[in-house]
Amino acid sequence: MNQLIHRRFVNYILLNASFQNRIGLFDGKTAVSIYLAMAAEAFPDFAADAASFSFLEEIQEHMSFGSPLGFGSGMAGYGCVLEYLAGKDLLAEDTSELLEEPEKHILGFVYRAASQEPGLNNGISGMGMYLLQRLKSKTPPGQFQQLLLKEAAIGCVDQLRKLWDAVRKEGKRNIDISLWNGWPGVVLFLNELRKTGWFEPEVTAFLQEMVEFLWRIVQKNRQNWHWDYLSCWLAIFQAGFDRADYTLHPDKLKLFDKQLQFGFASIEHIAARKRMWYALELSIIERQFEQAAAGKAARKIKKLAEEGLEQRPVPELFPPGMRQLEVPVGLLEGVCGTALPLLTMETGRYDWLSMFGIFVKQSHAEKN
């Protein structure tokens, strides 16, 4: 592990993250808290664990009626991180107690069908993912609250179905296939909900329909490569991955290998802030299906990212924004969007990705 690079990340975050108002997982302090918690585990001499929880306390103290609610920029993502840390025994507090007030607003948001976006970032799927994480809580809410959460999760499926039917009816061609804002995130949510057995067979049928839609996109573009296609592939590979009888058709694996060959030619052109997330996605696919091409591409992108980090100071890669003068720290092209995937690949600790419905095979050594 490159301890020097991570020390630079930690120092830069500690100097800048407290001066911004963004609280989200994709854009702010919630991402910082999970990176610092993992950095403290990997590098005990960093003493980053106390800082991790200080950011969580800042968010908790400044919560208000007007706080953002979304998974990417607000309380839903914050709640998922609390549940993850509690599940790892890194947080002793009762999460149901901590989330009691914001959860009322999150449920109200879902019941009003306030979002017309499908994705994980600040769309319906992100809210649904929060609801599922809460229902798996180490300190679950009361039975009546659990019923409300379950009902809201099923409501998310209805809202996504209506949104998808409208998209098909209008015949839109420019459909978002990015992981965070588009339909691959819907697949991850539906796949996670499918594991509960609720609202069947509707959920499985909808999931299969979405997977087939993503499959048609990559098939249609078999002679091309755009890095958003990687999100389609990741979602296709994840759907049903938990089943003991799950196998991916050889034609799909063959097409992925073939299409990725086109991707190799454009690796040098990937924006610096996006490199490590693409490397992480490829490493996940490599672990799932022992895909040599994915592993080769992941290592090449990771090496390119590390070289860039060694050659350029962190403030130059992640300068403050022009308007609000806030350093980008979140998972969406912020400091943590590079630091956390890098640390994940170095340590083999992929379990935090379960917040997004992404699961990865771990070796026996990593489990222990």
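Calculation rules
- Residues numbered from 1 in each chain as written.
- Predicted model: local features only at pLDDT ≥ 70, side-chain atom pairs only at ≥ 80, totals over all residues.
- Heavy atoms only, no water.
- Axes fitted to C-alpha atoms, helices over the stretch in contact; angles between N-to-C directions.
- Helix = DSSP H or I, 4+ residues; strand = E, 2+ residues; numbered from the N terminus.
- Parallel < 35°, antiparallel > 145°, perpendicular 65-115°, else oblique.
- Left-handed = near helix turned anticlockwise from the far one by under 90°.
- Contact = heavy atoms within 4.5 Å.
- Nonpolar A, V, L, I, M, F, W, Y, C, P; charged D, E, K, R; others polar.
- Core = buried A, V, L, I, M, F, W, Y, C linked by side-chain atoms within 4.5 Å.
- Buried < 20%, exposed > 50% of the residue type's maximum accessible area, 1.4 Å probe, protein only.
- Phe/Tyr/Trp six-rings, centres within 6.5 Å; stacked < 30°, edge-to-face > 60°.
- Lys NZ or Arg CZ within 6 Å of the ring centre and 35° of its normal.
- pLDDT = per-residue confidence, 0-100.
- Salt bridge = Lys/Arg side-chain N within 4 Å of Asp/Glu carboxyl O.

A closer look at the packing of helix H7 (residues 124–135) against helix H9 (residues 183–194)
Next up, step 1: Relative orientation of the contacting elements H7 and H9 amounts to 25 degrees, with a least axis distance of 9 Å. In terms of their interaxial angle, H7 and H9 are classed as roughly parallel. The element H7 and its partner H9 pack so that their crossing is left-handed. Across from Ser125, Gly128, Met129, Leu132 and Gln133 in H7, the residues of H9 making contact are Gly185, Val186, Leu188, Phe189, Glu192 and Leu193.
Next up, step 2: Split into classes, the residues belonging to the contact of H7 with H9 amount to six nonpolar, four polar and one charged.

Some thoughts on the nonpolar core
Next up, step 1: With 135 residues, the main nonpolar core has Phe9, Tyr35, Trp233, Leu282, Trp352, Leu353 and Phe356 as its most contacted residues.
Next up, step 2: Residues within four places of Trp352 in sequence aside, it is in contact with Ile34, Met38, Tyr84, Trp277, Leu280, Leu331, Leu340 and Thr344.

Thoughts on the packing of aromatic side chains
Next up, step 1: Tallied over the entire structure, the rule returns 19 aromatic pairs.
Next up, step 2: Between Phe71 and Phe356, the ring centres sit 5.8 Å apart and the planes meet at 80 degrees, which makes this aromatic pair edge-to-face. Of this pair, Phe71 sits in the loop between helix H3 (49–61) and helix H4 (75–87) while Phe356 sits in the loop between helix H16 (335–347) and helix H17 (364–367), and the two are 285 residues apart along the sequence.
Next up, step 3: Overall, the relative accessible area of 1% leaves Phe71 in the buried class.
Next up, step 4: When its relative accessible area of 0% is taken as the criterion, Phe356 is described as buried.
Next up, step 5: Look at Trp352 and Phe356: their rings are 5.9 Å apart centre to centre, the planes differ by 85 degrees, and that puts the pair in the edge-to-face class.
Next up, step 6: Through a chain of ring-to-ring contacts, three or more aromatic side chains come together here, namely Phe26, Phe71, Trp180, Trp277, Trp352 and Phe356.
Next up, step 7: Positioned above the aromatic ring of Phe264 is the side chain of Lys296, whose terminal nitrogen or guanidinium carbon lies 5.4 Å from the ring centre.

Topic: the packing of helix H6 (residues 100–111) against H7
Next up, step 1: Running from amino to carboxyl end, H6 crosses H7 at an angle of 135 degrees, the nearest separation of the two axes being 11 Å. When the interaxial angle is binned, H6 and H7 end up oblique. Considering the relative orientation of H6 and H7, their crossing is left-handed. The segment H6 lies against H7, with Glu103, Ile106, Leu107, Phe109 and Val110 engaging Met127, Tyr130, Leu131 and Arg134.
Next up, step 2: Taken together, the residues that form the contact of H6 with H7 break down as seven nonpolar, no polar and two charged.

Quick look at the environment of Gln60
Next up, step 1: With respect to the helices and strands, Gln60 occurs in helix H3.
Next up, step 2: A relative accessible area of 23% means that Gln60 is categorised as partly exposed.
Next up, step 3: Contact partners of Gln60, with chain neighbours within four places excluded, come to Tyr78 and Leu98.

A look at the confidence of the model for the protein chain
Next up, step 1: Within the protein chain, residue pLDDT values average 91, and 95% of them lie at 70 or more.
Next up, step 2: Across the protein chain, the element-wise mean pLDDT spans from 48 in H17 up to 98 in H7.

Examining the pattern of salt bridges
Next up, step 1: All chains considered together, the criterion is met by 19 salt bridges.
Next up, step 2: Among the ionic pairs, Glu209 bridges to Arg161, the shortest N-O distance being 2.8 Å. Here Arg161 lies in helix H8 (residues 143–170) and Glu209 lies in helix H10 (residues 202–220), a separation of 48 residues in the sequence.
Next up, step 3: On the accessibility criterion, Arg161 (24% relative accessible area) is partly exposed.

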